[in-house]
Amino acid sequence: MMAFWEVLGFWRRKPATLPDPAMRAIAEAISDNLSALGLFVDSRPYGRGFFEIRASTSPKLITTPDGREASGIALLLAGAYEPPSLVFEQINSLQRGLGRAMVEAVIAGVKEQPGAFRLLRVNDLSPRLPDGRRWWEHVAAAHPEFDWVITHEEPFGSAPRT
């Protein structure tokens, strides 16, 4: 027969796993840089290997790619991936130049810990620009110090309707 305390043992929580110190330093640098742009920022660790960062012009932390309410960015620092990767999950800018400023703030934060994240991933929803390339291809060309994985989808709302 189980003791009363063993039955109630599920109430006890395991001690929290602390995030990797290098990842925490990068997450803090990115958060500080995004805050300096006047954005509301939320940064959360998930175990030792992941951090999620969301920043937005709205206190609701809106980061949808087709949003008309606010500009924002959502990131995943995936230290547990092989190789460790920074994933740009969402980005939306209603103000000219803010998208690039958010990305540059993130990249500057990553450079605080050289070598911690060499691989940057993004799914590019942007339209083709006059030179035939998409927005993220220009960002990657400006930062050849990183390995980029850029997947492409057609921009929001541009798929043929059936």
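Residues numbered from 1 in each chain as written. Predicted model: local features only at pLDDT ≥ 70, side-chain atom pairs only at ≥ 80, totals over all residues. Heavy atoms only, no water.

S.K.: Tell me about the packing of helix α2 (residues 21-36) against helix α3 (residues 98-110), residues and numbers included.
M.R.: Two elements in contact, α2 and α3, have axes separated by 8 Å at closest approach and are oriented at 150°. Here α3 runs roughly antiparallel to α2, going by the angle between their axes. Considering only the axes of α2 and α3, their crossing is right-handed. Contacts between α2 and α3 involve I26, A29, I30, N33 and L34 on the former and, on the latter, M102, A105, V106, A108, G109 and V110. (Axes fitted to C-alpha atoms, helices over the stretch in contact; angles between N-to-C directions. Helix = DSSP H or I, 4+ residues; strand = E, 2+ residues; numbered from the N terminus. Parallel < 35°, antiparallel > 145°, perpendicular 65-115°, else oblique. Left-handed = near helix turned anticlockwise from the far one by under 90°. Contact = heavy atoms within 4.5 Å.)

S.K.: Pulling in residues and values, what's your account of the sheet that holds strand β4 (residues 85-92)?
M.R.: Pairing is mixed in the open sheet, where six strands are placed in the order β1-β2-β3-β4-β5-β6. Two strands bound the open sheet, and with one partner strand each, they are β1 (40-46) and β6 (147-152). In this sheet, adjacent strand axes meet at a mean angle of 15° when their direction is disregarded. Bridge analysis of strand β3 (residues 72-78) against β4 gives seven bridges, and the strand direction is antiparallel. Directly across from G72, in β4, lies its bridge partner N92. Docked against the sheet, α2 engages β1, β2 (50-56), β3 and β4, running at close to 0° with respect to β2. Against the sheet, α3 makes contact with β3, β4, β5 (119-124) and β6, and its axis sits at roughly 160° relative to β4, the strand it touches most. (Pairing = 2+ DSSP bridges.)

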